[in-house]
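Here are the chains, one letter per residue:
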Amino acid sequence: MTTLIRARTLSFLRAPLAMDDSGAYRYESDGALLVADGIILASGSYSTVREHAPADVIEIDHRPHLVVPGFIDTHAHFPQMQVIGSYAANLLEWLNTYTFPEECRFVESAHAQRIAGFFYDEMIRHGTTTAVAYCSVHKTSADAYFGEALKRNMRMVGGKVMMDRNAPQGLLDTPEMGYDETRAVIEEWHGKGRNHVAITPRFAITSTPEQMSAAQTLAREFPDLHIQTHLSENRDEIDFTCSLFPEADDYTDIYASYSLLGPKSLFGHCIHLSERERDVMSETGSIAVHCPTSNLFLGSGLFPLKELMRREKPVRVSVATDVGGGTSYSMLKTMDEAYKIQQLLGERLNPFDSYYHMTLGNAEALSLSDRIGTLDAGTDADLIVLNMAATPAMAVKAEVVNSLAEELFLLQTLGDDRAIVETYVAGIASKGSLQS
Ligand code: GUN
Ligand code: ZN
């Protein structure tokens, strides 16, 4: 079946240099996408794409709404759906009081499968078509996560967490188990459907040096895989971590000493990095993952997004929800909070910057921009339809919107899942069929 999706369309070609950098994106006021077998066959103006479409093509008209590539979330924890909104003073109290006990439940396959189903429903509801998630320490959780992604044909990245100390017994593996089970997850799931397995030592606090070595071995054996962990989120966390690895220069040096830095390595948070650590992140092409709603909720600090990007040695960045330290599944809400953090730091984050980050920017951070994050012909047909007048409050504001930038900013500031009219996963409309 070939479909022609008609709407206004927006996608990015590169990072915008300024608010008026119209060369950074492609906008069609009457655009179209030709889609078949989960792939975008053609995109451009409606008249051009229509001309080359088969006569019997099925046409779906989303005008006056705006179609953009599906949002990408580069850091989330699927076992934390029932942790969101847990009242705690800071990261370590939050982890020990709520998060670790809750994750223990994922040893049960039925529980893991139930929550995985809810997780993907929320992703689709909020217009996120690719996410990078931590599972729990249990292989059952990774099986549930990837099994559900396969059923829905979603492009997902994730990993069985490796953790062998400083957590409850029910949440610990060993260096050998961490290695063996991660290998088993890779062999079973990596490349199956659209799944990507990531090597996932939770953070240096919960991995012994022996387990960090096991992660290093996996990274050497599977050099194409993503690696994800946490780095420099909270002052007490940093002090505790450095006390566990006294021979390291700083927190980043711990991961560097196990060869875990590189262009496919995603480091959640990175709020308090020194200049030396920033240089090392830059030199290795590692990615600092900004999780604004989480950083505000846990009081972790203000991430210097713009400062990291414009350094002489720029640090690659991405944006993410960090559910359930993060408080929303919505990438729109995430960028709303990212904007406010930059405001507090005296920086400007314009609406084009935000939409670049949620789409192409995050795809580039994952080295997946040949598949997702654009509307280019030949890439996956993961698309969303946005309505800037989705609620009464949005509709009344929309009456005075005069430009694309204003529309994007309205969507980011007042929008949430209600602004997502439809989510196409590999060309299939998937939001309308969700149970509400
Ligand atoms: N550091 C280690 N584990 C976690 C987690 O689950 N959430 C956050 N925000 N930080 C972490
Ligand atoms: Zn996290």
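Structure shown above.
Residues numbered from 1 in each chain as written. Chains lettered and ligands numbered in written order. Predicted model: local features only at pLDDT ≥ 70, side-chain atom pairs only at ≥ 80, totals over all residues. Heavy atoms only, no water.

Asks: Explanation requested: the packing of aromatic side chains in the structure shown.
Replies: The geometry of an aromatic ring pair is captured by the separation of the ring centres together with the interplanar angle, meaning the angle of the planes. For the coordinates displayed, the defined rule picks out 14 aromatic pairs. Taken together, a centroid distance of 6.4 Å and an interplanar angle of 45 degrees make the contact between Phe-119 and Tyr-145 tilted. You can see Phe-119 sitting in helix α3 (residues 109-125) and its partner Tyr-145 sitting in helix α4 (residues 139-152), a full 26 residues away along the chain. Ring-pair connections join several aromatic residues into one group, and the members of that group are Phe-78, Phe-106, Phe-119, Tyr-120, Tyr-145, Phe-146 and Trp-189. Over the aromatic face of Tyr-46 sits the side chain of Arg-6, whose NZ or CZ is 3.5 Å from the ring centroid. If you follow Lys-192 out to its NZ or CZ, it ends over the ring of Trp-189, 5.2 Å from the centre. (Phe/Tyr/Trp six-rings, centres within 6.5 Å; stacked < 30°, edge-to-face > 60°. Helix = DSSP H or I, 4+ residues; strand = E, 2+ residues; numbered from the N terminus. Lys NZ or Arg CZ within 6 Å of the ring centre and 35° of its normal.)

Asks: Even after reading the chapter, I still don't get the nonpolar core, so can you show me in this structure?
Replies: Inside soluble globular proteins, nonpolar side chains tend to come together where they are buried. Counting 110 residues, the largest nonpolar core has Phe-71, Phe-119, Tyr-145, Tyr-255, Tyr-355 and Leu-386 as its most contacted members. The dominant element in this core, judged by the number of residues it contributes, is α3, at 7 residues. Leaving out residues up to four positions away in the same chain, Leu-386 has contacts with His-65, Leu-66, Val-68, Phe-71, Tyr-355, Leu-411, Ala-419, Ile-420 and Val-421. Among the nonpolar cores identified, the runner-up in size contains 14 residues, and Val-132, Leu-266, Ala-320 and Leu-366 belong to it. (Core = buried A, V, L, I, M, F, W, Y, C linked by side-chain atoms within 4.5 Å. Buried < 20%, exposed > 50% of the residue type's maximum accessible area, 1.4 Å probe, protein only. Contact = heavy atoms within 4.5 Å.)

Asks: When you look at the coordination of the zinc ion (ligand 2) in this model, what are you seeing that I'm missing?
Replies: For a metal with four tetrahedral donors the ideal donor-metal-donor angle is 109.5 degrees, whereas six octahedral donors ideally subtend 90 or 180 degrees. Bound to the zinc ion (ligand 2) on the protein side are His-75 (NE2), His-77 (NE2), His-230 (NE2) and Asp-322 (OD), at distances that span 2.0 to 2.6 Å. The site at the zinc ion (ligand 2) holds 4 donor atoms, and with the angles between them running 87 to 163 degrees, its shape is irregular. Written as a sequence motif, the donor arrangement for the zinc ion (ligand 2) is H-x1-H-x152-H-x91-D. His-77 matches His-75 in its accessibility class, with the two residues each being buried. (Donors = N, O, S within 2.8 Å, 3.2 Å for Na, K, Ca; no water. Tetrahedral: all angles 85-135°; square planar, octahedral: opposite > 155°, others 65-115°.)

Asks: How do you make sense of the environment of Glu-59 when you look at a structure like this?
Replies: Mapped onto the secondary structure, Glu-59 falls in strand β4 (residues 58-69). Relative accessible area serves as the criterion here: at 34%, Glu-59 is assigned to the partly exposed category. In this structure, the C-alpha to C-alpha distance between Glu-59 and Leu-4, residues 55 residues apart in sequence, is 4.7 Å. Leave out the neighbours within four places in its chain, and Glu-59 touches Leu-4, Arg-6, Tyr-46 and Arg-50. Within polar-contact distance, the side chain of Glu-59 engages the side chain of Arg-50 at 3.4 Å. (Polar contact = N/O pair within 3.5 Å; in protein donor to acceptor, adjacent residues only side chain to side chain.)

Asks: Got a minute to help me understand the site of ligand 1 in this structure?
Replies: The environment of ligand 1 is formed by His-77, Gln-80, Leu-91, Trp-94, Leu-95, Arg-202, Phe-203, His-230, Glu-233, His-269, Ser-294 and Asp-322. A distance of 2.9 Å separates an oxygen atom of ligand 1 from a polar atom in the side chain of Gln-80. Measuring from a nitrogen atom of ligand 1, one finds a side-chain N or O atom of Asp-322 at 2.8 Å. Out of a free accessible area of 280 Å², ligand 1 has 100% covered by protein chains. No other element matches the 3 residues that helix α2 (residues 91-103) contributes to the shell around ligand 1. Counted by class, the shell around ligand 1 contains 4 nonpolar, 5 polar and 3 charged residues. (Near = heavy atom within 4 Å. Areas by Shrake-Rupley, 256 points an atom, 1.4 Å probe, with all protein chains shown as cover. Nonpolar A, V, L, I, M, F, W, Y, C, P; charged D, E, K, R; others polar.)

Asks: Hey, could you run me through unusual backbone geometry in this one?
Replies: Most peptide bonds are trans, and most residues other than glycine sit at a negative phi. In this structure, Pro-64 follows Arg-63 across a cis peptide bond, with omega equal to 10 degrees. Topologically, Pro-64 is positioned in strand β4. In this structure, Gly-324 follows Val-323 across a cis peptide bond, with omega equal to 0 degrees. Mapping Gly-324 onto the fold places it in the loop between β13 (316-319) and α12 (331-344).

Asks: Just checking my understanding: could you explain the sheet that holds strand β1 (residues 2-12) for this structure?
Replies: Sheet strands associate in pairs through backbone hydrogen bonding, adopting either a parallel or an antiparallel arrangement. Across the sheet, which stays open at both edges, the 7 strands sit in the order β3-β2-β1-β4-β14-β15-β16 with mixed pairing between neighbours. Strands with a single pairing partner mark the edges of an open sheet, and in this sheet they are β3 (39-45) and β16 (428-429). (Pairing = 2+ DSSP bridges.)

Asks: Which parts of the structure should I look at to understand the environment of Phe-267?
Replies: Residue placement: Phe-267 occurs in strand β11 (residues 265-269). Residue classification places Phe-267 among the buried residues on the basis of a relative accessible area of 1%. A C-alpha to C-alpha distance of 8.9 Å links Phe-267 and His-290, two positions 23 residues apart in sequence. Among residues more than four places away in sequence, those in contact with Phe-267 are Thr-229, Leu-231, Tyr-255, Leu-260, Leu-261, Met-281, Ser-286, Ile-287, Ala-288 and Val-289.

Asks: Help me out: how do you make sense of the packing of helix α5 (residues 175-189) against helix α6 (residues 209-221) in this one?
Replies: Pairs of packed helices are described in terms of their axes, by the angle between the two and the distance that separates them. Where α5 meets α6, the closest approach of the two axes is 8 Å, and the angle between their N-to-C directions is 25 degrees. Here α5 lies roughly parallel to α6, going by the angle between them. In this structure, the crossing between α5 and α6 has a hand that is right-handed. In contact with Pro-175, Gly-178, Tyr-179, Thr-182 and Arg-183 of α5, α6 contributes Glu-210, Gln-211, Ala-214, Thr-217, Leu-218 and Glu-221. (Axes fitted to C-alpha atoms, helices over the stretch in contact; angles between N-to-C directions. Parallel < 35°, antiparallel > 145°, perpendicular 65-115°, else oblique. Left-handed = near helix turned anticlockwise from the far one by under 90°.)

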